[in-house]
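Geometric and topological summary
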Amino acid sequence: QVQLVESGGGLVQPGGSLRLSCATSGSRLSFDNMGWFRQAPGKEREFVATTVWSGSTTYYAESVKGRFTISRDNAKKTVFLQMNSLKPADTAVYYCAARPYYSNTYYRADAYNFWGQGTQVTVSA
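We now turn to the structure provided with this report. None of these values were measured; they are calculated from a predicted model.

**Thoughts on the overall build of the protein**
In terms of helices and strands, the protein carries zero helices and 11 strands. Reading the protein from its N terminus to its C terminus gives the helix and strand order β-β-β-β-β-β-β-β-β-β-β. By the compact-globule yardstick of 14 Å for 125 residues, the protein fits well, its C-alpha radius of gyration being 14 Å. When the backbone C-alpha atoms are referred to their principal axes, the protein occupies close to 45 × 25 × 25 Å. For the protein, the accessible area works out to roughly 6600 Å², and carbon and sulfur atoms hold 49% of it.

So, in structure tokens, the structure goes:
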């Protein structure tokens, strides 16, 4: 059974930083495409960032470009999201997502097969 487990969320002041982690287990599959999405109260789940192992490629939402960095450690089957210069608008539950193969639908939540349970990020003074 595939499991994705996020950690690293919490409460941070505006301008602060957090690093999220997502560890995968229970699968012989190698997930070529892993990403992060977020969902704020009353809003739809939205794309944040994604990484493609085969092409060493990353993509970001415009709202986080230059502030967030996605990376992965394939040996540990873990993906990270370094979040800097956080804003109150970044407050949301952050979800890790994975799928075996990359395609150009990386920004769509329904394109991913596996999801974590989410971790809360709150940016507030």
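**Thoughts on the packing of aromatic side chains**
Under the counting rule described, the total for this entry stands at 11 aromatic pairs. Judged by centre distance (6.3 Å) and plane angle (20°), the rings of tyrosine 102 and tyrosine 106 are stacked. Site record: aromatic cluster; members linked through ring pairs are Phe37, Phe47, Tyr59, Tyr95, Tyr102, Tyr106, Tyr107, Tyr112 and Trp115. Note that arginine 19 overlies the ring of phenylalanine 80, its terminal NZ or CZ placed 4.0 Å from the centroid.

**Thoughts on the state of the cysteines**
The tally for this structure, following the rule as stated, stands at one disulfide. A sulfur-sulfur separation of 2.1 Å characterises the disulfide bridge that pairs cysteine 22 with cysteine 96. Note on the cysteine 22 and cysteine 96 pair: the S-S dihedral is about -80°, so by sign convention the disulfide is left-handed. In this pair, cysteine 22 sits in strand β3 (residues 18-25) while cysteine 96 sits in strand β9 (residues 92-99), placing the two residues 74 residues apart along the sequence.

**Observations regarding the environment of arginine 67**
If you trace the backbone, arginine 67 turns up in the loop between β6 (57-60) and β7 (68-73). Overall, the relative accessible area of 11% leaves arginine 67 in the buried class. Spatially, the C-alpha atoms of arginine 67 and serine 17 are 9.5 Å apart, while their sequence positions differ by 50 residues. Residues contacting arginine 67, with those up to four places away along its chain left out, are Gln82, Met83, Asn84, Ser85, Leu86, Lys87 and Asp90. For arginine 67, the side chain forms a polar contact with the main-chain oxygen of serine 85, separated by 2.9 Å.

**Things to note about the side chain of arginine 72**
Structurally, arginine 72 can be placed in strand β7. No salt bridge is formed by the buried arginine 72. Its closest oppositely charged neighbour is aspartate 32, at 5.4 Å.

**Details of the nonpolar core**
In terms of nonpolar packing, the biggest core is built from 31 residues, with Trp36, Val48, Phe68, Leu81, Met83 and Tyr94 touching the most fellow members. Mapped onto this core, the elements with two or more residues apiece are β3, β4 (33-39), β5 (46-52), β7, β8 (78-83), β9 and β11 (119-123). Top contributing element to this core by residue count: β9, with five residues.

**Some details on the pattern of salt bridges**
For the structure shown, the criterion picks out five salt bridges. In this structure, arginine 38 and glutamate 46 form a salt bridge, with 2.6 Å as the shortest nitrogen-oxygen distance. For arginine 38, a relative accessible area of 6% translates into the label buried. Here glutamate 62 ties to lysine 65 by a salt bridge, and the two come within 2.7 Å at their closest N and O atoms. A relative accessible area of 64% places glutamate 62 in the exposed class. Three or more residues joined by partner-sharing salt bridges are found here, namely Arg38, Glu46, Arg67 and Asp90.

Reading guide: rules and limits
- Residues numbered from 1 in each chain as written.
- Predicted model: local features only at pLDDT ≥ 70, side-chain atom pairs only at ≥ 80, totals over all residues.
- Heavy atoms only, no water.
- Helix = DSSP H or I, 4+ residues; strand = E, 2+ residues; numbered from the N terminus.
- Rg over C-alpha atoms; globule rule 2.2 N^0.38 Å.
- Areas by Shrake-Rupley, 256 points an atom, 1.4 Å probe, with all protein chains shown as cover.
- Phe/Tyr/Trp six-rings, centres within 6.5 Å; stacked < 30°, edge-to-face > 60°.
- Lys NZ or Arg CZ within 6 Å of the ring centre and 35° of its normal.
- Disulfide = S-S within 2.5 Å.
- Buried < 20%, exposed > 50% of the residue type's maximum accessible area, 1.4 Å probe, protein only.
- Contact = heavy atoms within 4.5 Å.
- Polar contact = N/O pair within 3.5 Å; in protein donor to acceptor, adjacent residues only side chain to side chain.
- Lys, Arg positive; Asp, Glu negative; His and termini not counted.
- Salt bridge = Lys/Arg side-chain N within 4 Å of Asp/Glu carboxyl O.
- Core = buried A, V, L, I, M, F, W, Y, C linked by side-chain atoms within 4.5 Å.

From the geometry alone we can't say anything about function, so treat these as descriptive.
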